[in-house]
Amino acid sequence: MKVYQNDSDKELISKLQANEFQAFDILFHKYSERLYHFAFSFLKNDEDSKEIVQEVFYRIWKKREELDSGKSFKSFLFKISYNLIVDQLRLKLKDNEYRKFLMEYFDANSSTQIEPGSDYDVLKKQIDTAINELPDKRKRIFKLSRENGWSHKEIAEELGISVKTVENQITLSIKHIKENLGKSAFPVLLFLSLFFTIR
């Protein structure tokens, strides 16, 4: 079965399930760069970000027969990526050298003095609590952007709203979360690093 570049994701998934490697290759080239930038926005490391991309597509190939072509493949990809990134960050933030790297990174990109000692699990719980406090529509927009990797335009088209509305809702979400993190500089900067990337 021949694979065409303009096939939909659903068609490519069906061909992938039939063990057509060309379909896998097209999906990889379609999404790998974007997944890399998504991972880098969290990890701030080229090699780690590339490894995330490789691991995501390794899992896709390994589980190809279990893929649901009726669901959004793009959302599924970014969900796997997000979970892998969180797992890696949880491990890396236990390492003092990585914490030092992050603090140096923030110091080079912010005029705010950084306070060390923030624990990722505690911070993640604070962020999750703040996100869950958002109004339903705002929460959905924020998660589509930050966890699923959707662009502002894609979210606007999906929800039938303007790009400006999407931007405003994300800005309000970030403001709410920052307020919930308090005045400690390190958690706020880590949050901005992990979630406040322009798409």
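These numbers come from a predicted model, not from an experiment. (Residues numbered from 1 in each chain as written. Predicted model: local features only at pLDDT ≥ 70, side-chain atom pairs only at ≥ 80, totals over all residues. Heavy atoms only, no water.)

Caption draft 1: Structural detail: the overall build of the protein. Of the regular secondary structure elements, the protein holds 10 helices and 0 strands. Going from N to C terminus, the protein has its helices and strands arranged as α-α-α-α-α-α-α-α-α-α. Expressed as a percentage of the 199 residues in the protein, the buried residues total 46%. Counting only contacts in the protein whose residues sit at least 6 apart along the sequence, the fraction spanning at least 24 positions is 62%. (Helix = DSSP H or I, 4+ residues; strand = E, 2+ residues; numbered from the N terminus. Buried < 20%, exposed > 50% of the residue type's maximum accessible area, 1.4 Å probe, protein only. Contact = heavy atoms within 4.5 Å.)

Caption draft 2: Up close: the packing of helix 3 (residues 46-62) against helix 4 (residues 73-92). Taken N-terminus to C-terminus, the directions of helix 3 and helix 4 make an angle of 130 degrees; their axes are 10 Å apart at the nearest point. Judged by the angle between their axes, helix 3 and helix 4 are oblique. In terms of crossing hand, the pair formed by helix 3 and helix 4 is right-handed. Note on element contacts: helix 4 touches helix 3 through Phe73, Phe76, Leu77, Ile80, Ser81, Leu84, Ile85, Gln88 and Lys92, opposite Asp48, Ile52, Glu55, Val56, Phe57, Arg59 and Ile60. The residue makeup of the contact of helix 3 with helix 4, split by class, is 10 nonpolar, 2 polar and 4 charged. (Axes fitted to C-alpha atoms, helices over the stretch in contact; angles between N-to-C directions. Parallel < 35°, antiparallel > 145°, perpendicular 65-115°, else oblique. Left-handed = near helix turned anticlockwise from the far one by under 90°. Nonpolar A, V, L, I, M, F, W, Y, C, P; charged D, E, K, R; others polar.)

Caption draft 3: Expanded view of the pattern of salt bridges. Scanning the entire structure with this criterion turns up 7 salt bridges. Across the pair Lys30 and Asp9 runs a salt bridge, and its minimum N-O distance is 2.6 Å. Of this pair, Lys30 sits in helix 2 (residues 21-43) while Asp9 sits in helix 1 (residues 9-17); the two residues are 21 residues apart in sequence, bridging distant segments of the chain. Asp9 gets classed as buried once you look at its relative accessible area, which sits at 15%. Two residues, Glu154 and Lys74, come together in a salt bridge whose shortest N-O distance is 2.6 Å. Of this pair, Glu154 sits in helix 8 (residues 152-159) while Lys74 sits in helix 4, and the two are 80 residues apart along the sequence. Note on Glu154: relative accessible area 22%, which makes it partly exposed. (Salt bridge = Lys/Arg side-chain N within 4 Å of Asp/Glu carboxyl O.)

Caption draft 4: Inspection of helix 3 at higher detail. Over its 17 residues, helix 3 extends 24 Å from the first C-alpha to the last, a length consistent with the 24 Å expected when each residue adds 1.5 Å. By the burial criterion, the buried members of helix 3 are Asp48, Ser49, Ile52, Val53, Val56, Phe57 and Ile60. Buried residues in helix 3 make contact with helix 1, helix 2 and helix 4. Between the side-chain oxygen at the start of helix 3 and the backbone nitrogen of Glu47 there is a gap of 3.1 Å, and the oxygen is on Asn45. (Expected span 1.5 Å × (residues − 1). Polar contact = N/O pair within 3.5 Å; in protein donor to acceptor, adjacent residues only side chain to side chain.)

Caption draft 5: Molecular detail of the nonpolar core. By size, the foremost hydrophobic cluster in this structure holds 29 residues, and its most contacted members are Leu16, Val56, Ile60, Phe73, Leu77 and Ile85. For this core, the secondary structure elements donating two or more residues are helix 1, helix 2, helix 3 and helix 4. A total of 11 residues in this core trace back to one element, the largest contributor, which is helix 2. Other than its neighbours up to four places away in sequence, Leu77 contacts Tyr31, Leu35, Val56, Phe57 and Ile60. (Core = buried A, V, L, I, M, F, W, Y, C linked by side-chain atoms within 4.5 Å.)

Caption draft 6: Spotlight on the packing of helix 7 (residues 136-146) against helix 8. At a minimum axis separation of 10 Å, helix 7 and helix 8 run at an interaxial angle of 140 degrees. Judged by the angle between their axes, helix 7 and helix 8 are oblique. Once helix 7 is placed against helix 8, the crossing between them reads as right-handed. For the pair helix 7 and helix 8, the contacting residues are Arg140, Ile141, Leu144, Ser145 and Arg146 in the first and His152, Ile155, Glu158 and Leu159 in the second. Residues belonging to the contact of helix 7 with helix 8 are distributed by class as follows: 4 nonpolar, 2 polar and 3 charged.

Caption draft 7: Just the side chain of Asp48, in detail. Counting through the fold element by element, Asp48 comes out in helix 3. The buried category is assigned to Asp48, whose relative accessible area is 12%. Look past the residues within four positions of Asp48 in its chain and what remains in contact with it is Leu43, Gln88 and Lys92.

These figures come from the coordinates and say nothing about function on their own.
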